[in-house]
Amino acid sequence: MIGVQELVQIINGQYLGKSDIDIDGVASLNRADEHKISFLSNKKYTKYISTTRAGCIIVDQAFDISAYNYKNFVVCKDAYLGFALALSYFYKNQLKSNFKSHKASIDKTAQISEEAYIGDFTYIAENVKIGHSSIMPMVYIGENTIIKDNCIIYPNVTIRENVEIGNNVIIHSGSVIGSDGFGYVNNNGKHYKIPQVGKVIIEDDVEIGSNTSIDRATLDETIIKKGSKIDNLVQIAHNVEIGENSILVSQCGISGSTKIGNNVILAGQVGIAGHLKIADNTIITAKSGVGTNIKKSGIYSGIPVYDHAKWLKSSATMPRLPELYRKIQELENRIKELEKK
Amino acid sequence: MIGVQELVQIINGQYLGKSDIDIDGVASLNRADEHKISFLSNKKYTKYISTTRAGCIIVDQAFDISAYNYKNFVVCKDAYLGFALALSYFYKNQLKSNFKSHKASIDKTAQISEEAYIGDFTYIAENVKIGHSSIMPMVYIGENTIIKDNCIIYPNVTIRENVEIGNNVIIHSGSVIGSDGFGYVNNNGKHYKIPQVGKVIIEDDVEIGSNTSIDRATLDETIIKKGSKIDNLVQIAHNVEIGENSILVSQCGISGSTKIGNNVILAGQVGIAGHLKIADNTIITAKSGVGTNIKKSGIYSGIPVYDHAKWLKSSATMPRLPELYRKIQELENRIKELEKK
Amino acid sequence: MIGVQELVQIINGQYLGKSDIDIDGVASLNRADEHKISFLSNKKYTKYISTTRAGCIIVDQAFDISAYNYKNFVVCKDAYLGFALALSYFYKNQLKSNFKSHKASIDKTAQISEEAYIGDFTYIAENVKIGHSSIMPMVYIGENTIIKDNCIIYPNVTIRENVEIGNNVIIHSGSVIGSDGFGYVNNNGKHYKIPQVGKVIIEDDVEIGSNTSIDRATLDETIIKKGSKIDNLVQIAHNVEIGENSILVSQCGISGSTKIGNNVILAGQVGIAGHLKIADNTIITAKSGVGTNIKKSGIYSGIPVYDHAKWLKSSATMPRLPELYRKIQELENRIKELEKK
């Protein structure tokens, strides 16, 4: 429970409403009661403003509150950011501390901080180093791997040998960091495995979703740079480099040795071929396929990709292709008639 | 071993054949021996009818048996349903009961039915409730999660905190229920995590394949309604709602807050953008991408989708686009000639 | 440490350089020091030849070394194969032996070779047979499953009951072998599960990436034939057959009962519909969708696929479709003018 005036300061908002409300949590417009703070960040949900029972409502500066002046509004530069700050106030993260389960299997050469949490049935191999981080139950951590501070590794994650993980990294369940790259050489029709002996480096502030695979490098390293966020079921092949603060949405796949720049957004189910460079600030829209370098930042779509604005027009014409065919035949017939004259 | 007449009653068939056969199992046409019941539900395999050694063969009413009247046929309204019923007679499901492994880690506050099966190396957190269900080895179940009766949770599944699972639910290995939604707010180029504090609700009779990810809601809940079936490697984002009896084939992905109706079929590798509504009874064909609401049920294809019948024609013209270009150039030249006259 | 002359013999190369170098490992051109062997197999990296500090460099016969005659070259028929052989010399595989963890749960009916390695928290069910193979920690192996010799099963893999795994098989973390096929029969709007009681057979020399799902057959078996290599996050449905020495790149999906031939390459995110046959030596390019049998080997692209060379041309015209529309309208107007005369 916190006074609304105090909460509004925490989320950098301007408060327009009754001053004596107490707030005990965050809820959606539909579900909020009079002790909840709610928010409007997507216009689709504006209709719920008039009916919500929320104690107060975070809105953007641009939102016209005049039609609802009986409501308690919190005006923020970015309502979504205000909402995130409010949520972060009420719900702390899941970092657990100061526990080493006697049901875990921890090699005697591992160096584990007193402040670390190591859950049941977790396996920690030789020479692993772990700082003040939460390693939940049922996690595998291979030889020589390093995990710094303030990380949460969720259950059923596998982190193989020689992986380096920075600070404030979150890895969700089922993900695999450091599986072998998919490298073979064909000799007389048989595929011979190329040993995959490189590393994976995950820098600070990276979050990795559930059931995502990040392969180790053949040589050298696969790197995810600081601040990048990776969704569920994403494939990152060997020797890939992801720049800083990039966003990889679910089910996208990056082939071997490709370098993705900073602040790039790859939407869902995007695929990128191998040995490419994608410029900083590039956006690739959902389901698109990239087969060549992208040197100039912009929005790209299609299989293979081209300029998104052009793609919108081209894809809008797709359903009319059969009609186009008939039209061309008709024109040819009319030309034939003219030619006969 | 069961007499064929008795088995035929169980599967609601009409029997045309020798009455004294004993049946001890179900087999495909190619592999069946004289004590097996087999079936024909896909016409592609009709050629095997004449050579099969099966004791009897389930066929649809529409199948013309006159050419094979020396065979023992079981005529069903739906051969595939008859086959399923025969299989279900011979092979019981894998629900195990009445066992709590001393190698499991079960919090003392958990309420677990005497009839439940809890396998080795399974972790059950605070305040979990489990009915008469099988929790196989190596499963993680987080705080406050509820699993009702007759469920099978296969090895290496992760079910996070505050998840509600109904009756008769099956979850296959490697799947993750309740990982954090992929929600960030960008402030000055950095992505700040929005705490994901909602739930996942899985209603009765839902089956979830292997290595599928279902994210918890930011607020409120992600819901899979009763009778829906989800295949392997499927992505269900935060706050998604899947209606009743829908089918999501492998590798499809649903973005945040989208509502899928009842009896919808999403074929393999389909992608659906966020904040959309898909009408009941809609079918989206494989690899298609949906970027807008679908208000009218029907079959849709393409990236982005449009009417499937139109898509079939348009996609058939795709290989002829270069030819179309040349034709247009030719027509223009002929027009120029005419214009000179 | 090995003399360069001796190493060159091991990798079947011809040596052009100073004879007294000792080599202690393999490194990329950028990272190598004077005791490392490096390689050039992708022309993109030729620029690094002049600056590398590598002790010697493996190149193809076709590479023109004349411009760099101060470097120590090892000329191989296939530089990539030479590199793979050098790596294999320095880095042995991860097969561990002769250990059964007392923290594993091994059924007393299981038959496990003295030479096998069984890691902590691994669960081995009734009647399992395991040869001289490494079963890493946290692996589940179901009843009656057989694993022969020289296999490595990485942590958090699930292998269900009645699976047969040959020799030299590698399965990476998070993968699930033998989850139920996605089979239902619809009766009055409800989906009834068809019991999935067949097997999975993985033949010799197969490698399976991380977080891949291979479903068991409904009846009979799902088969991966010898020498095939499967990448991460791949979906193989029930009753699929993959031929010998085929390559399935990440995130591709094969629907039920489809038969893929020998030496086939399916690139990333490819989808293949059910009940199809794909001819030997076929290549399907990334993100393509196959909806009909492929009877003739070749390279295919598109959704649905057609000849790759044609697809290259057609997809190049896609961005120009709107222009094509305008051109046709213009031609029609010109024809109208001519018709007026």
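This structure is a prediction, so every number in the text was calculated from the model and none was measured.

Colleague: Sorry if this is basic, but what is going on with the overall build of chain A here?
Modeller: Scanning chain A for helices and strands turns up four helices and 40 strands. Taking 20 Å as the expected radius of gyration for a compact globule of 341 residues, we find that chain A reaches 26 Å, considerably beyond that expectation. Dimensions of chain A along its principal axes, counting C-alpha atoms only, are 95 × 75 × 30 Å. Looking at the 341 residues of chain A, the share that counts as buried comes to 59%.

Colleague: Which parts of the structure should I look at to understand the interface of chain A and chain B?
Modeller: It is common to give the size of an interface as the accessible area that goes away when the parts come together. With 66 residues of chain A at the interface, the matching set in chain B holds 73 residues. Together chain A and chain B conceal approximately 5,500 Å² of surface at their shared face, both sides included; 60% is due to carbon and sulfur atoms. Among the residues chain A hides against chain B, the three largest losses belong to Phe121, Lys287 and Tyr325 of chain A. Together they make up 12% of the total. Summed over the shared surface of chain A and chain B, the number is six salt bridges. Run the count over chain A and chain B and you get 31 residue pairs in polar contact (both at pLDDT 80 or more).

Colleague: Mind showing me how you'd approach the domain arrangement of chain A here?
Modeller: The domain boundaries assigned to chain A delineate domain 1 (2–91), domain 2 (99–300) and domain 3 (309–340). When each unit is reduced to the centre of its C-alpha atoms, the spacing between domain 2 of chain A and domain 3 of chain A is 49 Å.

Colleague: Sorry, what's going on with the relation of the copies chain A and chain C here?
Modeller: Between the two copies of this chain, the relationship is a rotation about some axis together with a displacement along it. After a rotation of 120° and a shift along the axis of 0.0 Å, chain A superposes on chain C with an RMSD of 0.1 Å. Here the transformation between the copies is reduced to the relation of a three-fold axis.

Colleague: Explain helix H2 (residues 79–90) of chain A to me, please; I cannot follow it from the model alone.
Modeller: Residues separated by three or four positions in an α-helix point in the same direction, a consequence of the helix having 3.6 residues per turn. Residue and element names in this part refer to chain A. Here H2 contains twelve residues, and its C-alpha end-to-end distance of 17 Å stays within 8% of the 16 Å for a straight helix at 1.5 Å per residue. For H2, the set of buried residues is Ala79, Leu81, Gly82, Phe83, Ala84, Ala86, Leu87 and Phe90. Sitting at the amino-terminal end of H2 is aspartate 78, which places a side-chain oxygen 2.9 Å from the backbone nitrogen of tyrosine 80.

Colleague: Help me understand the interface of chain A and chain C in this model?
Modeller: Residue-level contacts link 73 residues of chain A with 67 residues of chain C. Buried area between chain A and chain C, summed over both chains or domains, comes out near 5,500 Å², and the portion from carbon and sulfur atoms is 60%. Three residues, Phe182, His191 and Leu219 of chain A, lead the burial of chain A against chain C; their summed loss comes to 12% of the area buried on that side. Taken together, the connections running from chain A to chain C amount to six salt bridges. A salt bridge links glutamate 221 of chain A to arginine 31 of chain C; the shortest N-O distance between them is 2.3 Å. The interface formed by chain A and chain C holds 30 residue pairs in polar contact (both at pLDDT 80 or more) in total. Mapped onto the side of chain A that touches chain C, the elements with two or more residues apiece are strand E21 (176–179), strand E22 (184–187), strand E23 (190–193), strand E26 (213–215), helix H3 (308–317) and helix H4 (321–340) of chain A. Among the elements that make up the side of chain A that touches chain C, the one with the highest residue count is H4 of chain A (nine residues).

Colleague: What is the right way to read the packing of H4 of chain A against helix H3 (residues 308–317) of chain B from this model?
Modeller: Packed helices, taken two at a time, are described by their axes: the angle between them and the distance between them. Following both chains from N to C, one finds H4 of chain A and H3 of chain B inclined at 60°, their axes separated by 8 Å at the closest point. On the basis of the axis angle, H4 of chain A is oblique to H3 of chain B. Along its contact with H4 of chain A, which presents Leu321, Pro322 and Tyr325 of chain A, the element H3 of chain B presents Lys313, Ser314 and Thr317 of chain B.

Colleague: What is the right way to read the UniProt feature "active site" (unreviewed entry) in chain A from this model?
Modeller: Residue and element names in this part refer to chain A. Listed under "active site" (unreviewed entry) in the UniProt record, and renumbered for this structure, are His238. Counting through the fold element by element, histidine 238 comes out in the loop between strand E29 (235–236) and strand E30 (241–242). Excluding its chain neighbours within four sequence positions, the residues that come into contact with histidine 238 are Gly181, Phe182, Gln196, Asp215, Arg216, Ala217, Thr218, Thr222, Gly256 and Ser257.

Colleague: Teacher, can you tell me more about the packing of aromatic side chains here?
Modeller: Two numbers describe a pair of aromatic rings. These are the distance of the centres and the angle of the planes. Residue and element names in this part refer to chain A. Summed over the entire model, instances satisfying the criterion amount to 33 aromatic pairs over all chains. Between tyrosine 45 and tyrosine 48, the aromatic rings sit 6.3 Å apart at their centres with planes inclined by 15°, giving stacked as the arrangement. The class of tyrosine 48 is partly exposed, set by a relative accessible area of 24%. Between phenylalanine 63 and phenylalanine 73 the ring centres are 6.0 Å apart and the planes differ by 50°, which places this aromatic pair in the tilted class. One end of the pair, phenylalanine 63, is in the loop between strand E6 (56–60) and strand E7 (73–76); the other, phenylalanine 73, is in strand E7, and ten residues separate them in sequence.

Colleague: Explanation requested: the pairing of E23 of chain A in the structure shown.
Modeller: Residue and element names in this part refer to chain A. With four bridges connecting them, E22 and E23 associate as antiparallel partners. Bridging across to E23, tyrosine 184 finds its partner in lysine 193. In this structure, the hairpin formed by E22 and E23 is closed by a connection of two residues, where asparagine 188 is found at a positive phi of approximately 50°.

Colleague: I tried to follow the sheet that holds strand E32 (residues 253–254) of chain C on my own but got confused; where do I start?
Modeller: Sheets are built from strands paired through backbone hydrogen bonds, the pairs being either parallel or antiparallel. Pairing is parallel in the open sheet, where ten strands are placed in the order E9-E12-E15-E18-E21-E26-E29-E32-E35-E38 (chain C). Every other strand in the sheet has two partners, leaving strand E9 (105–106) and strand E38 (289–290) of chain C as the edge strands with one partner each.

Colleague: I would appreciate a short explanation of the sheet that holds strand E19 (residues 163–165) of chain A in the present structure.
Modeller: Residues and elements named next belong to chain A. Across the sheet, nine strands lie side by side as E10-E13-E16-E19-E24-E27-E30-E33-E36; this open sheet has parallel pairing. Here the strands that pair on one side only, and so sit at the sheet edges, are strand E10 (111–112) and strand E36 (277–278). With two bridges joining them, E30 and strand E33 (residues 259–260) adopt parallel strand pairing. Looking across to E33, one finds that isoleucine 242 is bridged to isoleucine 260.

Colleague: Whenever I open this one, the pattern of salt bridges confuses me. Can you help?
Modeller: When charged atoms on two side chains of opposite charge get close, those side chains can pair. Taken as a whole and assessed by the stated rule, the structure comprises 60 salt bridges over all chains. The shortest N-O distance in the salt bridge between glutamate 339 of chain A and arginine 334 of chain B comes to 2.8 Å. Separated into two different chains, glutamate 339 of chain A in helix H4 and arginine 334 of chain B in helix H4 (residues 321–340) make up a pair that spans both. Overall, glutamate 339 of chain A belongs to the partly exposed group, its relative accessible area being 30%. The exposure class of arginine 334 of chain B is buried, given its relative accessible area of 18%. With a closest N to O distance of 3.7 Å, arginine 320 of chain B and glutamate 323 of chain B form a salt bridge. Given the relative accessible area of 38%, arginine 320 of chain B is considered partly exposed.

Colleague: Help me understand the pairing of strand E7 (residues 73–76) of chain C, please; the structure alone is not making it clear to me.
Modeller: Both faces of the sheet carry side chains from a regular strand, because those side chains alternate between them. Residue and element names in this part refer to chain C. Here E7 shows two buried faces, one formed by Phe73 and Val75 and the other by Val74 and Cys76. Bridging between strand E6 (residues 56–60) and E7 involves four bridges; their strand directions are parallel. Within E7, the residue paired with isoleucine 57 across the bridge is phenylalanine 73.

The rules behind these values
Residues numbered from 1 in each chain as written. Chains lettered and ligands numbered in written order. Predicted model: local features only at pLDDT ≥ 70, side-chain atom pairs only at ≥ 80, totals over all residues. Heavy atoms only, no water. Helix = DSSP H or I, 4+ residues; strand = E, 2+ residues; numbered from the N terminus. Rg over C-alpha atoms; globule rule 2.2 N^0.38 Å. Buried < 20%, exposed > 50% of the residue type's maximum accessible area, 1.4 Å probe, protein only. Contact = heavy atoms within 4.5 Å. Buried area = accessible area lost by both parts, 1.4 Å probe. Salt bridge = Lys/Arg side-chain N within 4 Å of Asp/Glu carboxyl O. Polar contact = N/O pair within 3.5 Å; in protein donor to acceptor, adjacent residues only side chain to side chain. Domains from an automatic or database assignment. Least-squares fit on C-alpha atoms with pLDDT ≥ 70 in both. Expected span 1.5 Å × (residues − 1). Axes fitted to C-alpha atoms, helices over the stretch in contact; angles between N-to-C directions. Parallel < 35°, antiparallel > 145°, perpendicular 65-115°, else oblique. UniProt positions renumbered as here; feature names shortened; annotations may be inferred. Phe/Tyr/Trp six-rings, centres within 6.5 Å; stacked < 30°, edge-to-face > 60°. Pairing = 2+ DSSP bridges.

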